[in-house]
Every structure is written in structure tokens, then in C-alpha cells.
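Now for the letters of each chain:
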Amino acid sequence: MTRNYEVQVLVVGAGPVGLSLSMDLAQRGITVLTAEIRHRGEPPNVKCNHVAARTMEIFRRLGVARALRNTGLPPDYPNDVAYRTTVTGMELSRIPIPARQDRYTATGGPDTWWPTPEPPHRINQIYLEPVLFAHAASTPGLTILNRTRIDSFVQDEGGVSATGTDIDSGEMVHVRARYIVGCDGGRSEVRRAIGATLSGTDVVGRVQSTYFRAPDLLGLLKHKPAWGTFALNPRRSGNVYAIDGRETWLLHNYLTSEETDFESVDRDWAIRQILGVGPEFRYEIISKEDWVGRRLLANRFRDRRAFICGDAAHLWIPMAGYGMNAGIADAMNLSWLLASHLNGWAGEGVLDAYEAERWPITEQVSHFAMNHALALQKQREAVPADIEQPGPEGEALRAACGRALYDLNVQQYCCGGLNFGYFYDRSPIVAYDGEAAPSYTMYDFTPSTVPGCRTPHVWLDDGRSLYDALGPEYTLIRLDPAMDVHAFEEAARARGIPLKVLDVKAPDAASLFGRKLVLSRPDQHVAWRGDALPPDAGALLDMLRGAESQTTR
Ligand SMILES: Cc1cc2nc3c(=O)[nH]c(=O)nc-3n(C[C@H](O)[C@H](O)[C@H](O)COP(=O)(O)OP(=O)(O)OC[C@H]3O[C@@H](n4cnc5c(N)ncnc54)[C@H](O)[C@@H]3O)c2cc1C
């Protein structure tokens, strides 16, 4: 027996990237089938903990931010990152990050000032994915086939034909789609099928990870709990993340550059050194994994009608917690491009923007993550032998180490630049105007309306977030309500381009936006700006939608 499906887009893999892509496509009116090997809502391995503000902004648009915000650590559990000699030892410094109950209102922290309606969220992937799955499963237009593996596909002029297997019944599944997107993780078969190869740095670091239950650990802490706790001492350095805020923890034991064999390091001994506990301390291993941190990028993200997103396209050591977040950014980039073309208002040329925009950004993030991992390794390996020494000398040493740890790590745990600073500077569908986008680091950024940048966020006079007021597709943001934009609206209407005109009234908007008109794309990046309408609005819109110009034809 063969089961047959026909949809516009086939998504392979329902991890966080595949689910986000599928929801966004479906919300834009596209029929989507998502195939996933795992059972319905089955949690993945314990890994990601940091959901970036930019990702939460996306989840807000998709209608799932509130449910996610209410899930994870207990509402009052500190989301701080603490640096100590051991998890139960002396504290060196602490990066303050608000608990989720205070996340929207807290002030004075290194990430509390960010111009966003949705600050970051700390939640493990084992809690995140079931919430995303439930939301996706209730999205009209989206069919999720669990326990279904896509085995192969072929492309022709009009679409893609994929075959797969229902793992439980053995039935064959056949899907006909206009496009296929591989969100099938690090071992992606779709990547292989499109002939893409990974290259970069094979080994950035080796990590022994252990997920364990230890109900007594919280009671042994000498300081306020933290979401992430780093232990630095001359015996063993590593870190622990609170998973349920009560009794489950994920511990990473970072091997030194000389330790190339996982088996050469006694896991139990290392865990006890990092925690700072003796042989009497009891813990139960739930799962364990030995893994190699890498920096790898696929040399292409597309072959005609097949695309790859997320870990299928890039893998890097999870410094700054940005693997999934970058993958979701890929998905949000590709999703509106595919939808605009499938909905008939953008040309096929619009799809060229995906690789042109996302490849350079993911390459940059991969370097940020690797360089940070190498700096951290240096810091771990330089930990002073007498860091635990009592008395004023030890105190001074710990204070100095604490400052250095804070300064380096606030960059990854409050990575504003990765969230808001990146810009698309070589896109075929952005109208550049000669001004360079502000440079950014992992930590720093400058909001800007230079085309290609994220549309800056402001709170409107009526209390709404700008992002809640934007239209679902293009929005012409007007800072001067007296400007006549009918010609622009007419040119959009003539091309079937959904366009909303939004008058923005906010105290700081005029100086922040710097132009009277700013055109925001469906993914909240700036496509064009000006102080007057463009001389040929139609030609501009044709360029932005990747279509041959109707004006010049
Ligand atoms: C220790 C650790 C900590 C991390 N911390 C963070 C963090 O804080 N923040 C962050 O952003 N990232 C973090 N990451 C990275 C993050 O976990 C990954 O980037 C993320 O899971 C990638 O999502 P994905 O959807 O692309 O792939 P995956 O999560 O791997 O999902 C791929 C899915 O595809 C399915 N699949 C595969 N092949 C097929 C097929 N042929 N047919 C059907 N289905 C298929 C799989 O079953 C799987 O469910 C961390 C990673 C590690 C290892």
C-alpha cells in the first residue's frame, strides 16, 4: 500500500527549525506536510536552553510565545549565570538574567534594556519542542506525519516527488510538492541529496555531557541558584544547567586540548570535581553523550526546488546558544520567500535571496561561536592553582578571575549583536542606498534602518509593540502622516503584493528611523527607505519581489 499526499511544501524533520518553518508557511496560507521520524510530541535529547529574543519575537508572531514563556524553569528560578570554584563552592561573579516572572519588567541588567517586545527565554529543548509541536499540530493547513521517514526525492520542472516510509506499519508514503526543505538535522539526507558538503573546522572542542537527577544538589549550594553555573578549579572545569529547577541538571565536562579520547576521562570523578561533592553524594544518570563541538557550514543551501535549514545547513559548538536560534532565523527567511512565490506575488527569482542572505550570516555566527569557545578554553586552562585559597589573597584572585569571566561571558549570554545586529548586505531583493549598516559584535549592536537591517523596534504611543502592528507581509512605515503614498499602494496592488501602510507615532521613532518612509519586509527586515516615494514605485517593488519589472517590460 502507498499513501499519497499532495502539498505545496514538504518539510523533512519536525525539530524546532522544521516546526517553525512549517507553522510560518501554513500561517501564510501554504499547504505543508511535515514528516518526522519521532513520535508525536516526543521530546528530543536534552540540549538547547537559550531561546533568543529574536526567536521569541518570531514565536510571538506565530502565537506561541506566551505558552513557551509559561514553560520551563519555575517562574521565580533565577536565570543568572554564576561563576564559581565548584558548583557548591565559592562564587567569583554572576551575570544577572531575570527569572521568567520578571522578564518583561526587570531593569538594570545587561540584557534588560534591549529594544524588543520579547526578551530571551531560558528553557530546555525537552520542554520547548512539545509546546511548539502542540501549536504546530493545531495550525490549519499543516499536516504532520510522525513516525514517517523521508527516504529519497527527485526533482522535475514542476516540483518534487518524495518517497518515505511509515516506520510502524512499513507502508510507503509518496509526497508530491512544489518545494522540499530539509530541516533534518546534522546528519541531513536532504543535504546529501542536493550535493552539498560541510566544511570548516572539524574539532573545536570535546565535551562529556551528563543529564542527571540529584534532588540534594540545590540544598548544597552556598549561593543563590543560577540557570547556568560554571565551575573553575585546577582539577576540573565544567558547567551545569538547571533543567527543571528542582532536581534535574545537565553537566558539561569540557575536555582539555590534550584529552582527545573520551574514555581517558573518568566521568564520575569529573562530575564530582565540577560539583564540588564527595563520594557520598548521590546522583542518577538519566542520559549521557560524548560529543565533538565543530564549526561546519554547507557549501550550498539549495539545489533548484530543494533547500536546507538549521543544523542541516550548519553546525557549530553551541557557544552563545545560537544553533537552533540561527536555524529558526533561516526558516523565517526562507518561509516568506517561498510563500510569496507560491502565493503568486513574487517571482521565482525571490528564492535566490535565501542563500545570498543566510549563508554569510551563518558563516559569521559560526566564527563568533568558535572564537568564543577557544577563548573560554584558554580561560579554563589558565585557572590559577590557588584560586580556592582562603584569605585576602585568595579573595583578590577570585575577584580578578570573576571580573574576567564576567567580561568574556556576558558577550555570549547577553548576545545582543547576534539577536539584533546582523544585516543582509548582499541580497538581490534589498534596495541598498549607499549607507553602510552599523557594524556589530556578538554583544553589541546599533538599531538601524539601513536596508537589510532588522526593522528597529519601538513601542507605539497606543502601547502596542511595533511588531504587533505590522502587516503580515510588507509594511510601509510612515513617520510623516501627511505624506501621500497612494502611488506606492497602487503599484503594490497592481502586482498583488500585500501591503499595509502604518503611521508610526512613538517618541523616539523619527530619529531612530531617520527617514519618513521605511518599507519593512514580511520577516521584519528593511527592504527600502526614503524621504519621498521612489520615482518608479513599480520598478522598486518588482526588484524587491524578484520579478522582471512590469514597468520596463
Ligand atoms: C549541548 C548543546 C546545547 C545547545 N544549546 C543551544 C542553545 O542554547 N540555543 C540554541 O539555539 N541551540 C543550541 N544547541 C543547538 C540546537 O540544539 C540545534 O541547533 C537544534 O536542535 C537544531 O534544530 P533542527 O530542527 O535544525 O535539527 P534537529 O533538532 O536535529 O531536528 C531534526 C529532526 O529531523 C528529523 N529527521 C531526520 N531525518 C529525517 C528523515 N529522513 N525523515 C523525517 N524526519 C527526519 C529528526 O528526527 C529530528 O527530529 C545546542 C546543542 C547542543 C549539542
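This text goes with the structure placed above it.
Residues numbered from 1 in each chain as written. Predicted model: local features only at pLDDT ≥ 70, side-chain atom pairs only at ≥ 80, totals over all residues. Heavy atoms only, no water.

1. What to know about the layout of surface pockets
This is how the line gets drawn: For each structure, a 1 Å grid was placed over the protein atoms alone; sets of points admitting a 1.4 Å probe that cannot get out are labelled cavities, open sets with protein on both sides within 12 Å along at least five of seven lines are labelled pockets, and lining residues have an atom within 4 Å of a point. Grid points are joined across faces, edges and corners, and a volume is the space filled by probe spheres set on the points. The way it works is that DSSP assigns letters per residue, a run of H or I at least four long becomes a helix, a run of E at least two long becomes a strand, and they are numbered from the N terminus. Each residue gets one label: Ala, Val, Leu, Ile, Met, Phe, Trp, Tyr, Cys and Pro are nonpolar, Asp, Glu, Lys and Arg are charged, and the others, such as Gly, are polar.
One number sums up the size of the second largest pocket: a volume of about 240 Å³. If you go around the second largest pocket, you meet 16 residues; those closest to its centre are R28, R61, L470, G471 and P472. Broken down by secondary-structure element, the contributors of at least two residues to the lining of the second largest pocket are α1 (16-27), α2 (53-62) and α12 (466-469). Residues of the lining of the second largest pocket, tallied by class, amount to 4 nonpolar, 4 polar and 8 charged.

2. Structural notes on the pattern of salt bridges
Where side chains of opposite charge bring their charged atoms close, a pairing between them can arise. To keep things clear, this is the line we draw: Any carboxyl oxygen of Asp or Glu within 4 Å of a side-chain nitrogen of Lys or Arg constitutes a salt bridge here. Throughout this description, buried means an accessible area under 20% of the type-specific maximum (1.4 Å probe, protein chains only), exposed means over 50%, and partly exposed covers the range between.
Enumeration according to the criterion identifies 43 salt bridges in this entry. The partner of D168 in a salt bridge is R147, with the nearest N and O atoms 3.0 Å apart. Separated by 21 residues along the polypeptide, D168 in the loop between β10 (160-166) and β11 (172-177) and R147 in the loop between β8 (142-146) and β9 (148-155) bring together distant segments of the chain. For D168, a relative accessible area of 55% gives the class exposed. Each of D80, R84, E91, R94 and K224 takes part in a single network of salt bridges with overlapping partners.

3. Some words on the packing of aromatic side chains
Here is the rule we go by: Classification of ring pairs uses Phe, Tyr and Trp, with its six-membered ring standing for Trp, and accepts pairs whose centres are within 6.5 Å; under 30 degrees between planes counts as stacked, over 60 as edge-to-face, and the remaining range as tilted.
Within this structure, the stated rule accounts for 18 aromatic pairs. Measuring from ring centre to ring centre gives 5.3 Å for W114 and F420, while their planes differ by 85 degrees; the resulting arrangement is edge-to-face. Of this pair, W114 sits in the loop between β6 (91-95) and β7 (121-122) while F420 sits in helix α11 (residues 416-421), placing them 306 residues apart in sequence. Here W114 and F420 have matching classes, each one buried.

4. A look at the pairing of strand β23 (residues 517-520)
Note the cut-off: Strands were regarded as paired on the criterion that DSSP finds at least two bridges between them.
Both faces of β23 are covered, namely the face carrying L517 and L519 and the face carrying V518 and S520. Relative to β23, strand β21 (residues 474-478) runs antiparallel, the two sharing 4 bridges. Within β23, the residue paired with T475 across the bridge is S520. The pairing of β23 with strand β24 (residues 526-530) spans 4 bridges and is classified as antiparallel. Bridge assignment links S520 to a residue of β24, and that residue is V526. Taking the residues that link successive antiparallel strands as the turn, the β23-β24 hairpin has 5 residues, and the phi of Q524 there is positive, at about 60 degrees.

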